[in-house]
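# Architecture and fold: a report
Take a look at the letters that make up each chain.
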Amino acid sequence: MVRRLPLAIVNPSTSGAEQARRENPRPGEPTSQRVPLANHTTLRLGGPPAELVVAERPEEIADAVRAADAAGKRLLVLGGGSNVVIGDAGFDGLVVRIATRGCSYDSISDGRVQLTVEAGEDWDDVVADTVRKGLGGLECLSGIPGLTGATPVQNVGAYGVEVAERLVSVDLLDRRSGQVRTVPAEDLGLAYRSSVLKHNDEAVVLRVRFLLRDDGLSEPIKYAELARTLGVEPGEQVGVAEAREAVLELRRGKGMLLDPEDRDTWSAGSFFTNPVVPPDEVDAVLARIRERVGPEQRIPQFPAPGGTKLSAAWLIERAGFPKGYPGEEAPVRLSTKHTLALTNRGGATTEDLLALAREVRDGVRKAFGVSLVPEPVLVDCSLE
């Protein structure tokens, strides 16, 4: 049975030193506070936790998780907060914020290099370092916010590349046994923006390994928009630095690079995954789309495991939700640069965000018969 914890309020008469200690605990030391989790998410939304611990070493993560499990506490492991939506009431349990650091490179053979990264390393910093070293494999995943430990959970992907293509293994803390074990990538059930680790709280990622190349060349450029930006044909390769800069340019233009001054980046990135329509439904769905948008419009569609992948952003806009919807006065809006991002314009609540997400989801379903699925993890909140 999960034991519910009372929320502790910081005494206003507490000394400045004690207040600072509670708001900025020593690594591995739990603290009770009313500081909202909005401070730790890119959406800048979410209420306070009952307890918070900042873990700067893998052992501190393991100790905090084991102690929480032994005490029957609810547990939330929080990384960069870039792919999570937390309810307005906060989290009635222990939040372990991952802050571990460290990377190492090991030459394997035949121009291959294994990169080992601690879960708390900033993902884009890691990608930038591989590019500086002339290592190919991760450059198309530049500019994605969040920590490295989250990348295999979500099977992060962008511009035609997924983490699954370069992932070797992860070190996991198994919460059932309390032991740390190494799990190869093929055992993680990696799929489109998913893995066996997503929506599953039985393990915590401590460390991640990738296999890269030392030839200085990018992965083959698969994504048409990126190929056009680079001026190459799909399937060609370019230098890793050139590919990274092109990806950053595209993400910047869509408000997908974090910038505290740009409210279009106060988001969880892409809020919905691109829907995959099963083969036996795709003709009917495409016919319904053509009825609404007209037969002359090209419908973006791509082969995908399990059927045909459609563009969620394209469907959202053609269902009647343009960039910036519903207007300047709303506390939550679609990004003015990209309809797939739901953005906090300041003063919003999580429920404001979810209300807009429901409106968009239901509108697309009504217009095209296609169901959109949220990409971020929803914590103590729901779209239902």
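Position numbers for residues count from 1 along each chain, tracking the sequence in the order it is written. Predicted model: local features are reported for residues with pLDDT of at least 70 only, side-chain atom pairs are reported and counted for 80 or more only, and whole-chain, interface and lining totals are derived from all residues. Only heavy atoms go into the side-chain values, all of them from the structure, while hydrogens and water stay out.

Under an unreviewed UniProt entry, the name given to the protein is UDP-N-acetylenolpyruvoylglucosamine reductase, and the source organism is Saccharopolyspora rectivirgula. UniProt positions are given in the numbering used here, feature names are shortened, and annotations may be inferred rather than shown by experiment. In its Cofactor (unreviewed entry) section, the UniProt entry covering the protein states "FAD". According to the UniProt record, the Catalytic activity (unreviewed entry) comment for the protein reads "UDP-N-acetyl-alpha-D-muramate + NADP(+) = UDP-N-acetyl-3-O-(1-carboxyvinyl)-alpha-D-glucosamine + NADPH + H(+)".

### A word on helix 6 (residues 240-253)
Only DSSP runs of H or I reaching four residues or more are called helices, and only runs of E reaching two or more are called strands; each is numbered from the N terminus. Given a helix with a known number of residues, its expected span is that number minus one, times 1.5 Å. Given a rise of 1.5 Å per residue, 14 residues ought to cover 20 Å, and the 20 Å separating the end C-alpha atoms of helix 6 matches this to within 8%. By the burial criterion, the buried members of helix 6 are V240, A243, R244, A246, V247, L248, L250 and R251. Considering only its buried residues, helix 6 is in contact with helix 3 (123-132), strand 7 (157-158) and helix 5 (224-230). Just downstream of helix 6 lies G255, where phi reads positive at about 70°. Summary of the burial criterion: residues with accessible area below 20% of their type's maximum are buried, those above 50% are exposed, and those between are partly exposed, where the area comes from a 1.4 Å probe applied to protein chains only. Note on contacts: a residue pair qualifies if any of its non-hydrogen atoms lie within 4.5 Å across the two residues.

### Some words on the sheet that holds strand 14 (residues 307-310)
In space, the three strands of this open sheet follow the order 12-14-13, with antiparallel pairing throughout. Looking at which strands have only one partner, the edges of the open sheet turn out to be strand 12 (276-277) and strand 13 (301-304). One bridge is not enough; two strands pair if DSSP finds at least two bridges between them. Relative to strand 14, strand 12 runs antiparallel, the two being bridged by two bridges. By the bridge assignment for strand 14, V276 is matched with K309. Relative to the sheet, helix 7 (residues 279-293) contacts strand 12, strand 13 and strand 14, its axis offset from that of strand 14 by approximately 35°. Axis lines are fitted to C-alpha atoms, over the contacting stretch for helices. Their N-to-C directions set the angle, which ranges from 0 to 180 degrees.

### Let's talk about the UniProt feature "active site" (unreviewed entry) in the protein
According to UniProt, the positions carrying the feature "active site" (unreviewed entry) are R193, S270 and E375. These annotated residues cover 183 residues of sequence, and their C-alpha atoms lie no more than 11.1 Å from one another, placing them together at a single site. In this structure, S270 sits in the loop between helix 6 and strand 12. By relative accessible area, S270 is classed as partly exposed at 23%. When residues no more than four places from it in sequence are discounted, the contact partners of S270 are M256, L340, E375 and P376. Tracing the backbone shows E375 in the loop between helix 9 (350-368) and strand 17 (377-379). For E375, a relative accessible area of 12% translates into the label buried. With residues up to four places along the chain from it excluded, the contact list for E375 reads N83, Q154, R193, K198, S270, F271, F272 and T273.

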